[in-house]
Amino acid sequence: MKVIRVLAVALLTLALSVFFLVRNIGSGLGAMSVHNGNWVTNVSTGSTDAGIMLKATIAMGGLLASTRENSMYYRLDSLDGQALRLNCRYRIEGKGYDADWWSVTAYGWDNFLIPNPQKRYSFNNENILRNPDGSWVIYVGAEEQTANWLPVGPSGAASWRKRSGHDFDLLLRLYTPGKAYLEQPHSAPLPRVTLESCS
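The rules behind these values
Residues numbered from 1 in each chain as written. Predicted model: local features only at pLDDT ≥ 70, side-chain atom pairs only at ≥ 80, totals over all residues. Heavy atoms only, no water. Helix = DSSP H or I, 4+ residues; strand = E, 2+ residues; numbered from the N terminus. Buried < 20%, exposed > 50% of the residue type's maximum accessible area, 1.4 Å probe, protein only. Contact = heavy atoms within 4.5 Å. Areas by Shrake-Rupley, 256 points an atom, 1.4 Å probe, with all protein chains shown as cover. Salt bridge = Lys/Arg side-chain N within 4 Å of Asp/Glu carboxyl O. Polar contact = N/O pair within 3.5 Å; in protein donor to acceptor, adjacent residues only side chain to side chain. Pairing = 2+ DSSP bridges. Axes fitted to C-alpha atoms, helices over the stretch in contact; angles between N-to-C directions. Core = buried A, V, L, I, M, F, W, Y, C linked by side-chain atoms within 4.5 Å. Disulfide = S-S within 2.5 Å.

1. Things to note about the overall build of the protein
Turning to step 1, where the next piece is worked out: For the protein, the count of helices and strands is 4 helices and 12 strands.
Turning to step 2, where the next piece is worked out: In the protein, buried positions account for 39% of the 199 residues.
Turning to step 3, where the next piece is worked out: Restricting the contact set of the protein to residue pairs at least 6 apart, pairs at least 24 apart contribute 72%.
Turning to step 4, where the next piece is worked out: When the accessible surface of the protein is split by element, carbon and sulfur atoms take 57% of a total near 11,600 Å².

2. Quick notes on the pattern of salt bridges
Turning to step 1, where the next piece is worked out: Going through the model one piece at a time under the given rule, you end up with 7 salt bridges.
Turning to step 2, where the next piece is worked out: Linking Asp77 and Arg75 is a salt bridge whose minimum nitrogen-to-oxygen distance equals 3.2 Å.
Turning to step 3, where the next piece is worked out: According to the relative accessible area criterion, Asp77 is partly exposed, its value standing at 23%.
Turning to step 4, where the next piece is worked out: With a relative accessible area of 31%, Arg75 lands in the partly exposed category.
Turning to step 5, where the next piece is worked out: The partner of Arg85 in a salt bridge is Asp167, with the nearest N and O atoms 3.5 Å apart.

3. Topic: the environment of Val152
Turning to step 1, where the next piece is worked out: Inspection of the secondary structure assignment puts Val152 in the loop between strand S10 (149–151) and strand S11 (168–177).
Turning to step 2, where the next piece is worked out: Take Val152: its relative accessible area is 5%, and that puts it in the buried class.
Turning to step 3, where the next piece is worked out: In this structure, the C-alpha to C-alpha distance between Val152 and Asn116, residues 36 residues apart in sequence, is 7.5 Å.
Turning to step 4, where the next piece is worked out: Residues within four places of Val152 in sequence aside, it is in contact with Leu86, Ala106, Ile114, Val140, Gly141, Ala142 and Phe168.

4. Remarks on the side chain of Thr41
Turning to step 1, where the next piece is worked out: As for its position among the elements, Thr41 is in strand S2 (residues 39–41).
Turning to step 2, where the next piece is worked out: Of the polar contacts made by the side chain of Thr41, one reaches the backbone oxygen of Tyr73; its length is 2.6 Å.

5. Brief notes about the sheet that holds S10
Turning to step 1, where the next piece is worked out: With respect to topology, 4 strands assemble into an open sheet ordered S10-S9-S6-S12, the strand pairing being mixed. The open sheet has two edge strands, S10 and strand S12 (192–198), and neither has a second partner. If you compare each strand with its neighbour and ignore which way they point, the axes differ by 25° on average.
Turning to step 2, where the next piece is worked out: Inspection of the sheet shows strand S6 (residues 88–94) paired to S12 by 6 bridges, in the antiparallel sense.

6. Structural notes on the nonpolar core
Turning to step 1, where the next piece is worked out: Within the largest apolar cluster, 30 residues are counted, with the highest numbers of intra-cluster contacts made by Tyr74, Ile138, Leu170 and Leu174.
Turning to step 2, where the next piece is worked out: For this core, the elements supplying multiple residues, two or more each, are strand S3 (71–76), S6, strand S7 (99–108), strand S9 (136–141) and S11.
Turning to step 3, where the next piece is worked out: Contact partners of Leu174, with chain neighbours within four places excluded, come to Asn70, Ser71, Met72, Tyr74, Tyr97, Ala99, Trp101, Trp102 and Tyr181.

7. Focus on the state of the cysteines
Turning to step 1, where the next piece is worked out: The full count for this structure, using the stated rule, is 1 disulfide.
Turning to step 2, where the next piece is worked out: Two residues, Cys88 and Cys198, share a disulfide whose sulfurs are 1.9 Å apart. With the S-S bond torsion at 100°, the cross-link from Cys88 to Cys198 turns out right-handed. Highlighted residues: Cys88 in strand S6 and Cys198 in strand S12, separated in sequence by 110 residues.
Turning to step 3, where the next piece is worked out: On the basis of relative accessible area, Cys88 is assigned to the buried category, the value being 8%.
Turning to step 4, where the next piece is worked out: You can call Cys198 partly exposed: its relative accessible area is 44%.

8. Here we look at the side chain of Thr105
Turning to step 1, where the next piece is worked out: Relative to the helices and strands, Thr105 is located in strand S7.
Turning to step 2, where the next piece is worked out: For Thr105, a relative accessible area of 5% translates into the label buried.
Turning to step 3, where the next piece is worked out: Once residues within four sequence positions are removed from consideration, Thr105 is found in contact with Leu113, Tyr121, Ser122, Asp169, Leu170, Leu171 and Arg173.

Written out as structure tokens, the structure is:
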């Protein structure tokens, strides 16, 4: 009987420890963030300054962050406080960016690529269709669009596992970013995301 009580206390202690660790890790990036409009980044991601909580957050989130000088990552999961939703259609507009390579990728709330028949998960500076002036538009939504359409839909994970308030998020990667991103991440030029409509 005593052994069972000791095991029960040990299991309860372990479960509570895991719960609080996951909760702290889940809010880790938010506590160490730099905002640029609705986009959020962390200047310590991939740097030697990154603490244990940031490293754990990145590991849990599935990001494979390289050194800060080689890459910058901006994440967007809401517009003006409203979470990104599957029943809405969004428009991302931009031009060129001071980086050797950039991409915009959609991820489900489970931090994985969103399954879709088109097997289209992102657009980058090499495959995006541009306007004559070099600008581009990406349409994000569940319903098919023309040109640069980034399909989003239900995440692959079971819905009961969902812990986030958003249905999906967008990740902007900038490889070998220019000086503005490294020194002024809060004001460097980024794509503009707008809500077009919701059903």
